[in-house]
Amino acid sequence: NSKKVDYNKVFVERFLKPSLEYLLKYSKLDFFKFESINRKLRKLNRNESAEEFLAKGILASIALFIAGIIIQSFVHLSTVSIIVYILAIAAIFAPIFDLNNKIKEKNQKIIDELPRFVKTVLFQYRYKVPLVSIIKSYIDVAGDELKAELIKLYADLEILPEEKALRNFSDRLQIIEVQSFV
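Everything numeric here is computed off the predicted structure, so don't read it as measured data.

### Some words on the packing of aromatic side chains
Step number 1: What the rule picks out here adds up to three aromatic pairs.
Step number 2: Measuring from ring centre to ring centre gives 5.2 Å for Phe65 and Tyr85, while their planes differ by 40 degrees; the resulting arrangement is tilted. Taken together, the residues span a long stretch of sequence, with Phe65 in helix H3 (residues 50-75) and Tyr85 in helix H4 (residues 78-126) at a distance of 20 residues.
Step number 3: According to the relative accessible area criterion, Phe65 is partly exposed, its value standing at 43%.
Step number 4: Summarising the aromatic geometry, the rings of Phe123 and Tyr127 are spaced 5.2 Å apart at their centres and angled 65 degrees between planes, so their arrangement reads as edge-to-face.
Step number 5: Among the residues examined, Phe123 registers a relative accessible area of 45% and is labelled partly exposed.

Listed below in C-alpha cells is the structure:
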C-alpha cells in the first residue's frame with residue numbers, strides 16, 4: 001500500500017505536474033483560478049492538489065480520445081466516435097463542474113442549518129455565555145457540514161481574538177449569509 005502511494009507521487013511529480021504546467025501556459029487557467037480550485041478542494045477536505053484534481057479530467061479526456069480513434073479506425077463507426085470525442089472534451093471540464101456542485105451542496109446544507117445556529121448563538125450570547133463555549137457546545141449537535149467548520153472556528157477562538165476568528169470563519173465559508181451574520 002505504501003509503495004502504491006510512492007508510485008502515485010512519482011507519477012504526479014514526473015508526469016502530471018510538468019504536463020499541467022505546460023497546459024496551464026496555454027490555457028486560460030491563471031494563478032487565481034488555480035488557487036480557487038485549491039481553496040475549494042480544501043473546503044471539501046480533499047487531500048489532493050489542484051494538479052492532481054485537474055489531471056483526472058485530462059487523463060479521462062485522453063483515454064476517451066484514444067477510444068474514439070480506436071473506434072473510428074477499427075470499427076468504422078464515425079457517429080459513435082464523434083460522440084466519444086464530445087465526451088472527451090466534456091471530461092476535461094467535468095471535474096470542475098462536479099467540484100462546484102459539491103461546494104454548492106455543502107454551502108446549501110450550511111445555509112439550511114444557519115437559522116438554528118444563529119438563534120442558539122444569539123440566545124446564549126444574550127446571557128453572557130462566552131462565544132467559545134457556545135461554539136464548543138453547538139459542535140455536538142451541528143450537522144456534518146457545519147460541524148467541520150465549527151471545529152476550525154473553535155480552534156481559532158482558542159488562539160485568536162474573537163473578531164479575527166469570526167472573520168476567518170466567514171472568509172473560509174464564503175457564504176453571504178454567514179458574512180452578514182459575522
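### Concerning the pattern of salt bridges
Step number 1: One pass over the full model with this rule turns up eight salt bridges.
Step number 2: The salt bridge partner of Arg116 is Glu113, with a shortest N-O separation of 3.0 Å. A residue pair is termed a helical-turn pair when its members lie 3 or 4 positions apart in one helix, as Arg116 and Glu113 do in helix H4 at three residues.
Step number 3: The class of Arg116 is partly exposed, set by a relative accessible area of 43%.
Step number 4: What makes Glu113 buried here is its relative accessible area of 9%.
Step number 5: Between Arg172 and Glu149 there is a salt bridge, and its shortest N-O distance comes to 3.4 Å. Linking Arg172 in helix H7 (residues 162-173) with Glu149 in helix H6 (residues 144-159), this pair joins segments that are 23 residues apart in sequence.
Step number 6: Through salt bridges with shared partners, a single ionic network connects Lys106, Glu149, Lys152, Asp156 and Arg172.

Procedures and definitions
- Residues numbered from 1 in each chain as written.
- Predicted model: local features only at pLDDT ≥ 70, side-chain atom pairs only at ≥ 80, totals over all residues.
- Heavy atoms only, no water.
- Phe/Tyr/Trp six-rings, centres within 6.5 Å; stacked < 30°, edge-to-face > 60°.
- Helix = DSSP H or I, 4+ residues; strand = E, 2+ residues; numbered from the N terminus.
- Buried < 20%, exposed > 50% of the residue type's maximum accessible area, 1.4 Å probe, protein only.
- Salt bridge = Lys/Arg side-chain N within 4 Å of Asp/Glu carboxyl O.

Note that all results are geometric; they support no functional claim without further evidence.
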